[in-house]
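In case you want the letters, here they are:
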Amino acid sequence: MKWSRRVIKYMIEGLFTLSGGVTSLVILLIVVFLFKEGMGLFTNPAVEKGYALCVNAANPTGSLDARVVKQIFDGEITTWEEVSEGKMTGPIALFRFNEIFSRYTEEELGEDYALLSPRLQEVVAGTPGIIAFLPEEYLPPGQEVVKRLRAGNITPGSFFTGGEWQPTVAPAPRFGVLPLILGTIWVSLFAIVLALVPGLGVAIYLSELAGARARGWLKPTIELLAGIPSVVYGFFGLVVLVPFIQKLFSLPVGESALAGSVVLAIMALPTIITIAEDAIRGVPRALREASLALGATHWQTIYRVIIPHASSGITAAAVLGIGRAVGETMAVLMVTGNAAVMPRSLFEPVRTIPATIAAELGEAPAGGAHYQALFLLGCILFVITMVINLSAEFIASRGQGKGVGA
Amino acid sequence: MIETKHVDFYYSSFHALKNISMMMEERTVTALIGPSGCGKSTFLRLFNRMNDLIDDTRVSGECLIDGEDIYSKSVAVDELRKRVGMVFQKPNPFPKSIFENVAYGLRVNGTRDRSFIARRVEDSLRAAALWEEVKDKLRESAFALSGGQQQRLCIARALAVSPSVLLMDEPASALDPISTSKIEELIASLKQDYTIVIVTHNMQQAARVSDKTGFFMMGELVEFGDTKKIFSDPVNEQTRNYVNGRFG
Ligand SMILES: Nc1ncnc2c1ncn2[C@@H]1O[C@H](COP(=O)(O)OP(=O)(O)OP(=O)(O)O)[C@@H](O)[C@H]1O
Ligand SMILES: [Mg+2]
């Protein structure tokens with residue numbers, strides 16, 4: 001009957017609208033969640049949560065920069081002269097919380113460590129040059145002998161421009177994402193440099209030169225390439241590529257930016273080929289014929305008419321290829337060596353953002369600064385890929401105004 | 001001079017041209033008319049071997065230009081196409097400047113001499129009756145021109161490589177009446193230097209511009225002769241019906 005059809009039609013339409021709405025909402029919620037968790041990082045103190053840095057009350061130093069704290073605990077800074085602009089002198093005496101157990105016997109610390117706090121107070125009071133890293137719950141009372149250093153929060157500046165990513169060092173973890181961002185860009189860009197020429201070559205071959213039969217098996221093969229899980233690429237990279245690169249350039253280790261770029265290039269190829277081929281096929285037949293009818297050879301037609309006309313599509317292909325590479329996790333994690341250092345050459349290990357998240361999220365305590373920093377990395381990745389996709393769309397749409405007139 | 005002897009043409013198994021024998025004199029305009037799908041374009045595209053671009057096609061018989069069989073193995077197709085220019089139904093300028101559109105054929109020919117190219121571009125645009133309209137905007141995109149101007153640009157582009165034959169496949173069918181009459185005038189003046197073959201659906205146009213007319217139907221050349229005769233006193237009944245607009 002007619003009305004029952006109408007009802008079914010409305011129901012199906014409603015279902016589609018609903019699922020569209022729910023999907024959009026879920027995506028939006030994920031993004032909001034990502035940013036909410038990530039932004040929490042900047043409410044964290046620069047030192048590990050639950051701990052405080054303390055000095056002797058006679059020490060005039062009021063606060064220390066997180067980087068300085070790290071250098072002190074690394075033993076790179078050993079005297080107060082270096083950090084307090086002459087207000088304080090003498091050697092720095094480092095004191096980590098667990099050292100208390102070697103200084104005092106269990107008896108001296110009392111039953112259930114009841115005397116832990118006063119003992120800590122003793123230590124701090126007795127050492128003028130001390131800097132102690134102590135849990136808040138055992139923080140010795142007595143403001144007149146123990147002074148807490150003001151730590152300040154982790155700042156966006158130190159996060160985005162910091163050159164060190166050491167999220168687990170105590171007492172002041174370092175969250176500088178610059179090496180990770182640069183590592184990601186470095187590996188991805190070089191991957192595209194590697195993939196663009198062969199990708200374009202195959203696209204031209206497929207759309208211009210290949211016969212129906214060659215196309216018939218090559219095209220599905222390339223599409224298959226896109227469907228292979230990235231661990232498989234990573235595995236291939238690890239057992240074949242990494243040793244090969246190590247030998248070829250006689251490197252100490254084969255895991256390097258180059259290995260990552262090569263694997264990513266292979267992975268980005270299907271994207272580049274498919275989109276570039278579409279762009280080349282999209283060149284109007286009339287233009288091809290116009291060129292050939294003027295006595296241009298097939299090759300002249302390809303590089304004088306077809307490639308220029310498809311250039312925006314080809315650029316979009318490259319940009320989307322980069323997008324694919326930037327977000328890739330597993331394969332890169334397996335072959336780049338994962339050293340969170342500023343990338344200096346292609347032959348050294350680097351670390352990308354997705355690899356960092358994948359490798360560290362499991363061991364970062366939920367809700368902690370490290371955990372939030374990883375979420376913020378996720379936000380950065382989201383922004384990068386969004387910018388890439390938007391620019392690909394922009395480039396492609398700009399090219400559409402280039403169709404043949406009239 | 002263009003001559004075909006017993007030419008057959010196949011799109012895979014479809015027999016599109018059947019035993020066509022025809023002769024087109026130098027410096028004349030030959031019009032090809034006939035109902036849609038009768039094979040006019042296919043026939044026209046034989047002469048610059050544009051049909052080669054389509055997979056799985058076959059041609060037999062002889063196709064001679066100035067006595068040379070253009071389907072023989074020794075003919076280089078790109079050289080042939082420099083001698084036989086083509087203008088398409090829809091204007092199809094390149095997404096380049098007006099100047100570069102006309103210079104294209106010279107450039108792919110390997111011509112580097114700038115002043116020669118500039119001269120050739122001007123001559124071609126003059127010959128296509130477009131020079132006065134575009135001489136101040138040669139560097140602008142060809143798409144900035146009107147449809148009729150674009151079509152004359154395409155004619156100039158074809159002329160720039162100095163062909164001896166000009167093939168035109170419904171060159172005015174996408175244009176307004178004023179542009180159409182400009183193209184027709186142009187054909188009349190180009191006749192002095194070129195052998196022109198033109199496909200048209202417009203009977204008046206065929207009558208106005210051509211010296212000879214061939215009437216095609218279902219892949220066969222039904223009648224071929226002086227345009228005056230074809231339009232006033234055709235031998236064949238079908239031709240008479242067609243030119244009088246009774247079918248097609
Ligand atoms: N690429 C092709 N593949 C297969 N058949 C084709 C192809 N091009 C044309 N044909 C067929 O060949 C016949 C002649 O086509 P052609 O284009 O030469 O006709 P036409 O006379 O130019 O028609 P119109 O006046 O509509 O342009 C038609 O029946 C058409 O269907
Ligand atoms: Mg036609």
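Computed from a predicted structure; not experimentally measured.

1. A short note on the overall build of chain A
A count of helices and strands for chain A gives 15 helices and six strands. Here chain A has a C-alpha radius of gyration of 30 Å; the compact-globule value for 406 residues is 22 Å, and the former is much larger. Based on the C-alpha atoms only, the size of chain A along its principal axes is roughly 95 × 70 × 40 Å. Partitioning the contacts of chain A with sequence separation of at least 6, the portion at a separation of at least 24 is 69%.

2. Structural notes on the packing of helix α4 (residues 114–127) of chain B against helix α6 (residues 147–160) of chain B
Residues and elements named next belong to chain B. Where α4 contacts α6, the two axes come as close as 8 Å, and the packing angle between them is 130 degrees. Here α4 lies oblique to α6, going by the angle between them. As α4 packs across α6, the resulting crossing turns out to be right-handed. In this structure, α4 uses Arg120, Ser124, Leu125 and Ala127 to contact α6, whose residues at the interface are Leu153, Ala156, Leu159 and Ala160. Considered class by class, the residues forming the contact of α4 with α6 number six nonpolar, one polar and one charged.

3. Some thoughts on the nonpolar core
Counting residues in hydrophobic clusters, the biggest one holds 81 residues, and the most contacted among them are A:Leu41, A:Phe159, A:Trp165, A:Phe175, A:Ile353, A:Leu377 and A:Ile380. Excluding residues within four positions of it along the chain, A:Leu377 makes contact with A:Trp165, A:Val177, A:Leu180, A:Ile353, A:Thr356 and A:Ile357. Among the nonpolar cores identified, the runner-up in size contains 44 residues, and B:Val87, B:Ile117, B:Leu138 and B:Leu159 belong to it.

4. Re the pattern of salt bridges
If you walk through the whole model with that rule in mind, you get 25 salt bridges over all chains. With its nearest N and O atoms 2.4 Å apart, the salt bridge here joins A:Arg215 to A:Glu277. Taken as a pair, A:Arg215 in helix α8 (residues 212–227) and A:Glu277 in helix α10 (residues 257–281) lie far apart in primary sequence, 62 residues in all. Residue classification places A:Arg215 among the partly exposed residues on the basis of a relative accessible area of 24%. Put simply, B:Lys229 and B:Asp233 hold a salt bridge, and the shortest N to O gap is 4.0 Å. The exposure class assigned to B:Asp233 is partly exposed, which follows from its relative accessible area of 42%. Within this structure, A:Arg215, A:Lys219, A:Glu277 and A:Arg281 form a network of salt bridges that share partners.

5. Points about the domain arrangement of chain A
Parsing chain A into structural domains produces domain 1 (2–43), domain 2 (51–152) and domain 3 (178–405). Summarising the inter-unit geometry, the C-alpha centres of domain 2 of chain A and domain 3 of chain A are found 51 Å apart.

6. Some words on the interface of chain B and chain A
On the chain A side, the residues contacting the 28 residues of chain B number 22 residues. Interface area for chain B against chain A, summed over the two sides, is near 1,900 Å², with a carbon-plus-sulfur share of 64%. In this assembly, chain B and chain A are joined by one salt bridge. One salt bridge connects B:Arg45 with A:Glu289, and the closest N-O pair in it is separated by 3.0 Å. On inspection of chain B and its partner chain A, the count reaches five residue pairs in polar contact (both at pLDDT 80 or more).

7. Details of unusual backbone geometry
Even without a glycine there, the phi angle at A:Tyr113 is positive, about 60 degrees. What makes A:Tyr113 partly exposed here is its relative accessible area of 36%. For B:Arg27, which is not a glycine, the phi torsion comes out positive at approximately 50 degrees. Relative to the helices and strands, B:Arg27 is located in the loop between β2 (14–24) and β3 (29–33). Relative accessible area serves as the criterion here: at 46%, B:Arg27 is assigned to the partly exposed category.

What counts as what
- Residues numbered from 1 in each chain as written.
- Chains lettered and ligands numbered in written order.
- Predicted model: local features only at pLDDT ≥ 70, side-chain atom pairs only at ≥ 80, totals over all residues.
- Heavy atoms only, no water.
- Helix = DSSP H or I, 4+ residues; strand = E, 2+ residues; numbered from the N terminus.
- Rg over C-alpha atoms; globule rule 2.2 N^0.38 Å.
- Contact = heavy atoms within 4.5 Å.
- Axes fitted to C-alpha atoms, helices over the stretch in contact; angles between N-to-C directions.
- Parallel < 35°, antiparallel > 145°, perpendicular 65-115°, else oblique.
- Left-handed = near helix turned anticlockwise from the far one by under 90°.
- Nonpolar A, V, L, I, M, F, W, Y, C, P; charged D, E, K, R; others polar.
- Core = buried A, V, L, I, M, F, W, Y, C linked by side-chain atoms within 4.5 Å.
- Buried < 20%, exposed > 50% of the residue type's maximum accessible area, 1.4 Å probe, protein only.
- Salt bridge = Lys/Arg side-chain N within 4 Å of Asp/Glu carboxyl O.
- Domains from an automatic or database assignment.
- Buried area = accessible area lost by both parts, 1.4 Å probe.
- Polar contact = N/O pair within 3.5 Å; in protein donor to acceptor, adjacent residues only side chain to side chain.

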